[in-house]
Amino acid sequence: MKIAFASGKGGTGKTTVSANLSQLLANSISTLHVDLDVEEPDSGLFFNTPLKQSLDINKSVPVWNRDKCTFCGKCSKLCNFNAVLNITTHIIILNELCHSCFACAELCPENALEMKLITIGQLNHFSDAGNFEFIEGRLNIGEEQAVPLIKQAFDFIENKYNSDQLVILDSPPGTACPFIETAVNSDYIMLVTEPTPLGLHDLNLAVDVVKQLDKPFSIVINKDDQANPIIEDYCKSNDIDIAGRIPFDKKAAENYSEGKLIHSVSGEIKAGFDMLLKKITNLKGEYDERNSNTLR
């Protein structure tokens, strides 16, 4: 089962919540934590797991052959992403904009474009002898597109792990293509938010996207101060489940700034994570039962 921890905006605490839960879940369940915030992965700051392997992640881009080209302009007209520019005497390829659709190469009447692989990032796999494993996607500096790397991370998971594994996904922030690519490949979404007007605004955007994707989801209120019911009122008025609350605690912020886990900072925070653990354990049980019935 794949559970994505996501947020409509950065800074709500999805990495904090997901990293702590992954470590707690690994005490009883075989758990894989996957950091798909590939432009700024930081889950590894909280884990002390040895690196097992590092894989280059590639994408295909066109290479122009001047000798074959007649400058008909078909390639540039075909490209919906403006990655191929025809300036009459030269064809310019913008690799950062290329979506590897192969249309320009396949439909060039002179075969003047040939696709080649370029490296856009790495997939780092960390593992030890215990119940916990960690995968980190890391996009190379200057690369524009996170989606190809995220897609290949999911391919790696599907090929390497069986259905018994519980996969916790640290999703890219926001509601753009990287988040959507993560969400469509997930079985359940946990939307982590904070009780502020900006937190509510961007949570509302994320809820709209998840509903359009027809994915089951719950809300996690992080940095909950109990004085501002803005998120709770929103959830009540929209009949949205609150999976858990992690209270605001200055000591937790201090631990986080030092790269430490926070689930044992106080009794209140421990109770918040215990509530989330129970929710996830129940979700995993329901998922396994559905799969078992389908196989029968």
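Above this text is the structure in question.
Conventions used here
- Residues numbered from 1 in each chain as written.
- Predicted model: local features only at pLDDT ≥ 70, side-chain atom pairs only at ≥ 80, totals over all residues.
- Heavy atoms only, no water.
- Salt bridge = Lys/Arg side-chain N within 4 Å of Asp/Glu carboxyl O.
- Buried < 20%, exposed > 50% of the residue type's maximum accessible area, 1.4 Å probe, protein only.
- Axes fitted to C-alpha atoms, helices over the stretch in contact; angles between N-to-C directions.
- Helix = DSSP H or I, 4+ residues; strand = E, 2+ residues; numbered from the N terminus.
- Parallel < 35°, antiparallel > 145°, perpendicular 65-115°, else oblique.
- Left-handed = near helix turned anticlockwise from the far one by under 90°.
- Contact = heavy atoms within 4.5 Å.
- Nonpolar A, V, L, I, M, F, W, Y, C, P; charged D, E, K, R; others polar.
- Patch = residues over 30% accessible without salt bridge, like charges linked within 9 Å, V, L, I, M, F, W, Y side chains within 5 Å.
- Areas by Shrake-Rupley, 256 points an atom, 1.4 Å probe, with all protein chains shown as cover.
- Lys, Arg positive; Asp, Glu negative; His and termini not counted.
- Charge placed at Lys NZ, Arg CZ, Asp CG, Glu CD.
- 1 Å grid on protein atoms, 1.4 Å probe; cavity = no way out; pocket = protein on both sides within 12 Å on 5 of 7 lines; lining within 4 Å.
- Points joined across faces, edges and corners; volume = space filled by probe spheres on them.
- Polar contact = N/O pair within 3.5 Å; in protein donor to acceptor, adjacent residues only side chain to side chain.

Engineer: I'm lost on the pattern of salt bridges in this one. Help?
Structural biologist: When the charged atoms of two side chains with opposite charge come close together, those side chains can pair. Inspection of the entire model under this criterion finds 13 salt bridges. A salt bridge links Arg 138 to Glu 136, with the nearest nitrogen and oxygen atoms 3.0 Å apart. With relative accessibility at 6%, the residue Glu 136 sits in the buried group. Between Lys 260 and Glu 258 there is a salt bridge, and its shortest N-O distance comes to 2.9 Å.

Engineer: How should the packing of helix H4 (residues 147-160) against helix H5 (residues 177-184) be read in this particular structure?
Structural biologist: A pair of packed helices is captured by two measures, namely the crossing angle of their axes and the spacing between those axes. Contact pair H4 / H5: the axes reach a minimum separation of 9 Å and the direction vectors enclose 15°. The orientation of H4 with respect to H5, classified from their angle, is roughly parallel. At the point where H4 passes H5, the crossing takes the right-handed sense. Residues Val 147, Ile 150, Lys 151 and Phe 154 of H4 pack against Cys 177, Pro 178, Glu 181 and Thr 182 of H5. Class assignment for the residues of the contact of H4 with H5 results in 5 nonpolar, 1 polar and 2 charged.

Engineer: Is there a simple way to explain a negative patch on the surface in this structure?
Structural biologist: On the surface, Glu 39, Glu 40, Glu 96 and Glu 144 cluster together into a negatively charged patch. With respect to the secondary-structure elements, Glu 40 resides in the loop between strand E2 (31-35) and strand E3 (51-64).

Engineer: Honestly, the layout of surface pockets in this entry has me stumped. Any pointers?
Structural biologist: Over the atoms a probe the size of a water molecule is rolled, and this reveals where empty space is left. Of the voids in this model, the largest pocket is the one considered here, and its volume is about 390 Å³. If you trace the largest pocket, you find 23 residues lining it, with Gly 11, Gly 13, Thr 16, Asn 222 and Tyr 256 closest to the centre. Elements with a minimum of two residues in the lining of the largest pocket: helix H1 (14-25), strand E10 (217-224), strand E11 (242-247) and helix H8 (250-257). Taken together, the residues of the lining of the largest pocket sort by class into 8 nonpolar, 8 polar and 7 charged. Space inside the second largest pocket adds up to approximately 280 Å³.

Engineer: Where do I start with the side chain of Ser 7 in this structure?
Structural biologist: By the secondary structure assignment, Ser 7 is in the loop between strand E1 (2-6) and H1. A polar contact is formed between the side chain of Ser 7 and the backbone oxygen of Lys 9, at a distance of 2.6 Å. For Ser 7, the residues in contact, after removing those within four places along its chain, are Thr 12, Lys 14, Pro 173, Gly 174, Leu 191 and Val 192.

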